Amino acid sequence: MEGRDPVIVVLISGSGSNLQALIEAVEKEEITGSIQAVISNKADAYGLERAEKAGIKTHVVDHKKYDSRDAFDGELIRQIEQHKPDLIVLAGFMRILTESFVRRYEGKMLNIHPSLLPKYQGLNTHQRALDAGDAEHGVTVHFVTAELDSGPNIIQAKVPTLKQDTAETLAKRIQQQEHIIYPIAVKWFIDGRLNMTDNDAMLDNEILPETGLILENPQTIH
Ligand code: GAR
């Protein structure tokens, strides 16, 4: 990452509110990297508009146009490689990636998942936490490895559930935390403080706990 601003490529599928939080952290120079491209598997993802407004290059790789995961991932790689990224950020990217794609970017790809991993991998996490009567739920930023939603955790934010919560109200409170913790993790990576070694997430050369760092009330960028 020497001699130029570290390059970030963000993959999205939807609204892009996490992308927006990252764009703002870069604009405020809290993250000293440059988001060079946003790639979506959906042409109508609102996040593409957010990227364009911020002057970021966008690409659409529509998964429906490819007859295999390998073909889709191959095109994703082609688009990503044009930018020679130091970091790939999955921000609400809702496609399962092939093992060879994930291995190619191991140690330089982050994901945000709306649960306290390893609890509730996969979909419908908010409803599943409510159905189980969990007193708290949350969100995890982790390195991406070949097994879905299982790479080493970096940061978790916990959010208490409320009696009157629906999946929507809970998701909304959790998203507020997402927009705080994702820029923190990206900043750590870009500043060279965060890496993955032997399937452990390391911050400042110390192995992070299996939960990742737990932030109960994350407020500012660290
Ligand atoms: C976020 O809540 C993120 O946690 C979730 O998708 C949402 C995307 O929102 N990701 C996953 O479920 C990944 N398995 P956004 O497009 O507004 O950032």
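One can find the structure itself at the top, above this paragraph.
Everything in this summary refers to the structure shown in the same document. (Residues numbered from 1 in each chain as written. Predicted model: local features only at pLDDT ≥ 70, side-chain atom pairs only at ≥ 80, totals over all residues. Heavy atoms only, no water.)

**Remarks on the site of the ligand**
Going by this rule: The cutoff for a nearby residue is simple: one of its non-hydrogen atoms must lie within 4 Å of the molecule or strand. We define a polar contact as two N or O atoms separated by no more than 3.5 Å, with the added condition that, inside protein, one atom must be a possible hydrogen donor and the other a possible acceptor, whereas residues neighbouring each other in sequence contribute only through side-chain atom pairs. Throughout, the Shrake-Rupley method with a 1.4 Å probe supplies accessible areas, and for residues the shown protein chains are the sole cover considered. Detection works on a 1 Å grid of protein atoms alone, calling trapped sets that fit a 1.4 Å probe cavities and calling open sets with protein on both sides within 12 Å along at least five of seven lines pockets, with lining residues defined by an atom within 4 Å of a point. Placement in a cavity or pocket follows one criterion, namely that more than half of the molecule's atoms lie within 2 Å of its grid points. By definition, any uninterrupted DSSP run of H or I lasting at least four residues is a helix, any uninterrupted run of E lasting at least two residues is a strand, and each is numbered from the N terminus. Lys, Arg, Asp and Glu make up the charged group, whereas Ala, Val, Leu, Ile, Met, Phe, Trp, Tyr, Cys and Pro make up the nonpolar group; the residues left over, Gly among them, are polar.
For the ligand, the full set of nearby residues is Gly 14, Ser 15, Gly 16, Ser 17, Asn 18, Gly 92, Met 94, Ile 112, His 113, Pro 114, Gln 175 and Glu 178. One nitrogen or oxygen atom from the side chain of Ser 17 is found 2.5 Å from an oxygen atom belonging to the ligand. At 2.9 Å from an oxygen atom of the ligand is found a side-chain nitrogen or oxygen belonging to Asn 18. Protein contacts shield 85% of the accessible area of the ligand, which totals 450 Å² for the unbound molecule. Judged by the fraction of its atoms near the pocket grid, the ligand is located in the largest pocket. Sorting the residues of the shell around the ligand by element identifies α1 (17-27), β5 (109-113) and α6 (167-190) as the ones contributing at least two each. Grouping the constituent residues of the shell around the ligand by class yields three nonpolar, eight polar and one charged.

**Here's the deal with the side chain of Asp 165**
The criterion, for reference: Exposure is judged per residue with a 1.4 Å probe applied to protein chains only, and the accessible area is read against the type maximum: over 50% gives exposed, under 20% gives buried, and values in between give partly exposed. By definition in these notes, contact holds between two residues if any of their heavy atoms fall within 4.5 Å.
In this structure, Asp 165 sits in the loop between β7 (153-160) and α6. You can call Asp 165 buried: its relative accessible area is 12%. A distance of 2.6 Å separates a polar atom in the side chain of Asp 165 from a polar atom in the side chain of Thr 169. Once you skip the residues sitting within four places of it in the chain, Asp 165 turns out to touch Leu 130, Pro 160, Leu 170 and Arg 173.

**Describing the layout of surface pockets**
In this approach, a probe sized like a water molecule rolls over the atoms, and the result shows the empty space that is left. For the record, the criterion: Grid points are joined across faces, edges and corners, and a volume is the space filled by probe spheres set on the points.
Estimated volume of the largest pocket: approximately 990 Å³. Together, 36 residues line the largest pocket, and Gly 92, Phe 93, Met 94, Ile 112 and Pro 114 are the ones closest to its centre. Of the residues contributing to the lining of the largest pocket, the split by class is 15 nonpolar, 16 polar and five charged.

**Some details on the packing of α1 against α6**
Any two packed helices are characterised by the angle at which their axes cross and by the distance between the axes. Heads up, the rule is: Only the stretch in contact is used when a helix axis is fitted, and all axes are lines through C-alpha atoms; the angle between N-to-C directions ranges over 0 to 180 degrees. Put simply, angles under 35 degrees are roughly parallel, angles over 145 are roughly antiparallel, angles from 65 to 115 are roughly perpendicular, and the rest are oblique. Handedness of each helix crossing follows the sense of rotation of the near helix against the far helix: counterclockwise by less than a right angle gives left-handed, clockwise gives right-handed.
One way to put it is that α1 packs onto α6 with a least axis distance of 9 Å and a crossing angle of 45°. In terms of axis orientation, α1 runs oblique to α6. Helix-helix and strand crossings are classified by hand; for α1 and α6 the assignment is right-handed. Here α1 contributes Ser 17, Asn 18, Ala 21, Leu 22 and Ala 25 to the contact with α6, which in turn contributes Gln 175, Glu 178, His 179, Tyr 182, Pro 183 and Val 186. A per-class count over the contact of α1 with α6 returns six nonpolar, four polar and one charged.

**What to know about the pattern of salt bridges**
What counts is decided by this rule: Any carboxyl oxygen of Asp or Glu within 4 Å of a side-chain nitrogen of Lys or Arg constitutes a salt bridge here.
Applying the stated criterion across every chain yields a total of 10 salt bridges. Residue Arg 104 pairs with Glu 81 through a salt bridge whose shortest N-O separation is 3.9 Å. Residue Arg 104 is located in helix α4 (residues 99-104), and its partner Glu 81 is located in helix α3 (residues 69-81); the two are separated by 23 residues in the primary sequence. For Asp 165, the salt bridge identified is with Arg 173, shortest N-O distance 2.8 Å. What makes Arg 173 partly exposed here is its relative accessible area of 22%.

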